[in-house]
Amino acid sequence: MIPAVRGTRDILPGEVEKWQRLERVSRDLCERYGYLEVRTPIIEREELFAKGTGEATDIVQKEMYSFVDKGGDRVTLRPEATPSIVRAFIEHSLEQTLAFPKLYSIGPMFRYERPQKGRYRQFHQLDVEVFGVKDPAIDAEVIDLAFTLVRELGIGDVELVINSVGDHVCRPAFDKALVEALGQNVSKLCSDCQRRAQTNPLRIFDCKVPADQPIIDALPHSVDYLCAECREHFEAVQRHLTAAGMPFRVSHRLVRGLDYYTRTTFEILGASLGAQNALLGGGRYDGLVKQLGGPDRVGIGFAVGLDRMVLAMPDQPPERGTNGVFVAAVGDDARDAAIALLADLRRSGVRAQMEFGARGVKAQMKRADRLGVTHAIIVGGDELSRGEVTVKDMTTGDQAAVPRSQIVKFLASGLRPQVPQP
Ligand code: AMP
């Protein structure tokens, strides 16, 4: 047996129904908010993420699946969707071709991380991005979309956390303040934080190493260093969230693990998830489109971890009768009639199955039972010559002869046909 690659897994029948519901609700909701779907390739040039996600991030430093292809190009299995969507936005001039560049995408991502519950090497995200809108009302809109998704899936006990990390105007002063406040303590921090202090001091707030926490807790907060425009923007976002009835908490630690964020950052945390508790996260990236060679357009978006959403979603009891009906044939002579009935039922929209191979009626009924169908339709014998079939209600066990000409209409109407008492 050749097992699946570590950190990847099969999503099997039984679990896949939850994924289907999650994807259906996600698509419905995105379309309701005016977002259009894009599908970008799973492989991209490595430089897209080096430049987009950022050289100093853990993703680019440690986690990318990069390789040289047979043509000698360096390519990467995408670790996140935002750089790909920004690339597509630029490459296809989407602000010209779309009335409103509000986009979403669903698909697998790849990061070489240590696998654990809620963290995989191949995982899946719903990604939502908007380009060209500076108005803080769009920040509230995307957060509202994220919040509503979580609510419509029945996930309770969540917390919305927000922060502002400033922009190119005020961030340099805050970075400087962070380095000054750290002073001699830099050498006491973990090696990752020592590197961050050099490359992107803000990311020190991401550190989870227990020994570093007392030093990090004493550092200044980004919201106290915002320029007037960033402060105004952040206040407006908070007002809009309150107006839309979304409770939130401001956390100065929420800086997110990517280099491109400006101003608003946010996450929704799920209480049931343990250590990997971020269901989704995102924020503004006002410089990214330009940095990747596009026009100077702002952007905002978020990524939902679908694997974690599935873990947090409540189980739903399977709907009664979703497994349709079973057509059983009595003897070889009835097989063609059974096959014709099966085709009729399916073309009329009824879920229907039959048994294969020459099996007796008893074996066929056993399969029908395991499938959990509502009715078995038994074709053959004297009834067939009279233009009738036998319908058995699998719940009550009642059975009766029904005209062949009526059975399809009966089942296709969506009504559970009452089997008359014999
Ligand atoms: P990020 O792209 O890192 O901002 O992550 C956005 C969301 O994707 C997180 O909140 C998680 O829900 C999910 N996520 C990130 N990395 C993983 C992973 N390795 N396995 C499963 N889910 C992940």
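Novice: What's the story with the site of the ligand in this structure? I'm lost.
Specialist: Looking at the ligand, there are 14 residues lining it, with Arg111, Glu113, Tyr120, Arg256 and Ala278 nearest. Backbone polar atom of Tyr120 to a nitrogen atom of the ligand: 2.9 Å apart, as the coordinates give it. A distance of 3.2 Å is found between an oxygen atom of the ligand and a backbone nitrogen or oxygen belonging to Leu279. Examining the composition of the shell around the ligand, we find that three residues originate from one element, strand S10 (residues 278-284), more than from any other. Looking at the shell around the ligand residue by residue, the class counts come to six nonpolar, three polar and five charged.

Novice: Quick question: what am I supposed to make of the environment of Arg297 here?
Specialist: As for its position among the elements, Arg297 is in the loop between helix H11 (288-291) and strand S11 (299-305). Sequence separation between Arg297 and Val133 is 164 residues, and the spatial gap between their C-alpha atoms is 8.0 Å. Apart from residues no more than four positions distant in its own chain, Arg297 is found in contact with Glu95, Gly132, Asp286 and Val289. A polar contact of 2.8 Å, which involves the side chain of Arg297, links it to the side chain of Glu95.

Novice: What exactly am I supposed to notice about the sheet that holds strand S8 (residues 249-250) here?
Specialist: Backbone-to-backbone hydrogen bonds join strands into a sheet, with any given pair of strands oriented parallel or antiparallel. Taken together, eight strands build an open sheet; the order of strands is S1-S5-S6-S11-S10-S9-S7-S8 and the sheet is mixed. The open sheet is flanked by strand S1 (36-37) and S8, the only strands paired with a single partner. In this sheet, S11 lies alongside strand S6 (residues 122-131) in antiparallel orientation, the contact comprising seven bridges. Pairing of Val128 across the sheet is with Phe302, part of S11. Docked against the sheet, helix H6 (residues 136-152) engages strand S5 (102-110), S6, strand S7 (158-164), strand S9 (262-270), S10 and S11, running at close to 10° with respect to S9.

Novice: Even after reading the chapter, I still don't get the packing of aromatic side chains, so can you show me in this structure?
Specialist: Working definition: an aromatic ring pair is given by the centre-to-centre distance plus the angle between the planes. For the coordinates displayed, the defined rule picks out eight aromatic pairs. Residues Tyr65 and Tyr112 carry aromatic rings whose centres are separated by 5.8 Å and whose planes lie at 75° to one another, so their mutual orientation is edge-to-face. You can see Tyr65 sitting in strand S3 (residues 65-68) and its partner Tyr112 sitting in the loop between S5 and S6, a full 47 residues away along the chain. Assessed through its relative accessible area of 25%, Tyr65 is described here as partly exposed. For the pair Phe266 and Phe302, a centre-to-centre distance of 5.9 Å together with 65° between the ring planes defines the contact as edge-to-face. A residue pair is termed long-range when its members are at least 10 positions apart, and Phe266 in strand S9 and Phe302 in strand S11 qualify at 36 residues. Note on Phe302: relative accessible area 2%, which makes it buried. These aromatic residues form a ring-pair network of at least three members: Phe89, Phe131, Tyr260, Tyr261 and Tyr285. Lying across the ring of Phe100, Lys102 places its NZ or CZ 5.0 Å from the centre. It is Arg121 that lies over the ring of Tyr112; its NZ or CZ is 3.8 Å from the centre.

Novice: I tried to follow the pattern of salt bridges on my own but got confused; where do I start?
Specialist: Using the criterion set out here, one finds 29 salt bridges in the structure. A salt bridge links Asp315 to Lys18; the nearest nitrogen and oxygen atoms lie 3.0 Å apart. Placement of Asp315 in the loop between helix H12 (306-312) and strand S12 (325-329) and of Lys18 in helix H1 (residues 16-32) is noted, with a sequence separation of 297 residues between them. For Lys18, a relative accessible area of 17% corresponds to the buried category. Asp167 is the partner of Arg263 in a salt bridge, and the nearest nitrogen-oxygen pair spans 3.6 Å. Taken together, the residues Arg263 in strand S9 and Asp167 in the loop between S7 and helix H7 (171-182) connect sequence positions 96 residues apart.

What counts and what doesn't
- Residues numbered from 1 in each chain as written.
- Predicted model: local features only at pLDDT ≥ 70, side-chain atom pairs only at ≥ 80, totals over all residues.
- Heavy atoms only, no water.
- Near = heavy atom within 4 Å.
- Polar contact = N/O pair within 3.5 Å; in protein donor to acceptor, adjacent residues only side chain to side chain.
- Helix = DSSP H or I, 4+ residues; strand = E, 2+ residues; numbered from the N terminus.
- Nonpolar A, V, L, I, M, F, W, Y, C, P; charged D, E, K, R; others polar.
- Contact = heavy atoms within 4.5 Å.
- Pairing = 2+ DSSP bridges.
- Axes fitted to C-alpha atoms, helices over the stretch in contact; angles between N-to-C directions.
- Phe/Tyr/Trp six-rings, centres within 6.5 Å; stacked < 30°, edge-to-face > 60°.
- Buried < 20%, exposed > 50% of the residue type's maximum accessible area, 1.4 Å probe, protein only.
- Lys NZ or Arg CZ within 6 Å of the ring centre and 35° of its normal.
- Salt bridge = Lys/Arg side-chain N within 4 Å of Asp/Glu carboxyl O.

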